Amino acid sequence: MASSLSLSVPLLFFLLIITSSVAKTSTRPKALLLQVTKDAKTLLLQVTKDAKTLQYVTQVSQRTPLVPVKLTLDLGGDYMWVNCERGYSSSTYRPAPCGSAACQLLNTTSCTTECYSAPAPDCYNNTCGHGPTNSVANTGTSGQLGADVLAIQSTDGKNVLQVVTVPRLYFICGNNFIEAGLASGVTGMAGLGRTGASLPAQLSSYFRFDRKFALCLSSSTRSSGVVFFGNGPYTLLPNVDASSSLTYTPLIINPVTENGFLGDASPKYFIGVTSIKINDKRVRFNETLLTIDAEGYGGTTISTADPYTVLESSIYSAVVTAFVNAMPKNVQRVPSVAPFGACFSSKNISSTRLGPAVPSIDLVLQNKNVYWRIFGANSMVEVKEDVLCLGFVEARTDFRPRFAVVIGGHQIEDNLLQFDLSTSRLGFSSSLLGRSTTCANFNFTSTA
């Protein structure tokens, strides 16, 4: 367990690298932010069982001169990666030499020694290699590690302050193949995972603020959500500090990567769900599936790459059955609309501040008094006029699923999630609609 974060000697050298010039900065920001939009074009696509089209997109400025770069958020991603085949040009790009501290941090021994093209960000000799992965399309390829300038906005938790720069932020250079499946105009992914090379890790190290970040995704395609790096407040209109009433649960380390390597921990964030309740009634299924086993299977993780919560097949069947049975008798069940297994006529479902008036779903955590309650706004999806579906999907059954529960994007929209890596805990708000605000209510007006 202790080795799973790899925050040892290589990380210390790495932190010396990226913090070497911070002392020259007279005023360091206490927090940073990224504006996040929900890809609107996906609403025009046919939803299929294997579709993963709903993406949360942000934009950073990178390189010299600065160029806007659109990235899909990947909560469990190891690092940031960019398609360098798509006209990457910068006077400040620096490849990471083989054997350097940055390469050791990524736990890679791969070294490019025979690149026959002209030197370019995706083709330098004596540069450590690492394969970027597209968690939306479930694809991977070869790539190289390098560093370049990154510009990002600072915040006081209420407004945007000013743009600040990191002179050397490490990322992986990918190619056209790995970009396939991302939203229009997106050329990479912003990894926020539990590694020393992720965006939260590098930004907190360079600017020397607390190792924590907060995610607040908007459910609307017409307004933006936000990612905060650093401590709160995280203030949303009308003057609601969303961090003031969080419930906390430990973040659990899965010591086995998705590739099956013991000791090289998963970069994903796991929480200890122990049972599931619907309308306060416990759902019956094999709850040992909720525990991570010796091979890294099972457990509950959180994902921005999966648009809806994915449940292992037996858990899915039990949850759907219990939810259908808990529905009021005057609510008519209608034919399912893929990828969902339980759909209803909305004509007899009233609307509340927390969304459609349907049975609540509780993810029970370390004890019966700590639970993440999912209300109608996060449990139901309107698939067409007068039809609402339970927004949970069944994991593929043609092979053993890696995780028992993957909490997807729809279920975390308009919830504030704070990932505190220094104390290894997750703070969650449940639906902010209950506090008369949403994740679309951050004031992006600059005070600079």
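Scoring rules and cut-offs
- Residues numbered from 1 in each chain as written.
- Predicted model: local features only at pLDDT ≥ 70, side-chain atom pairs only at ≥ 80, totals over all residues.
- Heavy atoms only, no water.
- Helix = DSSP H or I, 4+ residues; strand = E, 2+ residues; numbered from the N terminus.
- Contact = heavy atoms within 4.5 Å.
- Buried < 20%, exposed > 50% of the residue type's maximum accessible area, 1.4 Å probe, protein only.
- Pairing = 2+ DSSP bridges.
- Expected span 1.5 Å × (residues − 1).

### Describing the environment of C216
And then number 1: Looking at the element boundaries, C216 is found in strand β13 (residues 212-216).
And then number 2: Considering only alpha carbons, one finds C216 and Q418, 202 residues apart in sequence, at a separation of 8.8 Å.
And then number 3: Excluding residues within four positions of it along the chain, C216 makes contact with G225, V226, L236, N415, L416, L432 and C439.

### Things to note about helix α4 (residues 199-207)
And then number 1: Taking burial as the measure, the nine residues of α4 include nine buried ones, the bulk of the element.
And then number 2: The positive-phi residue at the C-terminal boundary of α4 is R208, with phi of around 60 degrees.

### Topic: the sheet that holds strand β30 (residues 387-390)
And then number 1: One open sheet holds the four strands; their spatial order is β23-β24-β30-β29, and the pairing between them is antiparallel. The sheet is open, and its two edges are formed by β23 (333-334) and β29 (380-384), each paired on a single side.
And then number 2: Pairing analysis gives four bridges linking β29 to β30, with the strands arranged antiparallel. Directly across from M380, in β30, lies its bridge partner L390.

### Concerning the sheet that holds strand β19 (residues 275-278)
And then number 1: Read from one edge to the other, the open sheet built from four strands follows the order β20-β19-β27-β28, with strand pairing classed as antiparallel. Bordering the open sheet on either side are β20 (281-282) and β28 (371-374), each of which pairs with just one other strand.
And then number 2: Relative to strand β27 (residues 361-364), β19 is paired through four bridges, and the arrangement is antiparallel. Bridge pairing in β27 places I276 opposite L363.

### Focus: helix α5 (residues 313-326)
And then number 1: Spanning 14 residues, α5 covers 20 Å between terminal C-alpha atoms, matching the ideal 20 Å at 1.5 Å per step.
And then number 2: For α5, the set of buried residues is I315, Y316, A318, V319, V320 and F323.

In short, geometric facts, not functional conclusions.
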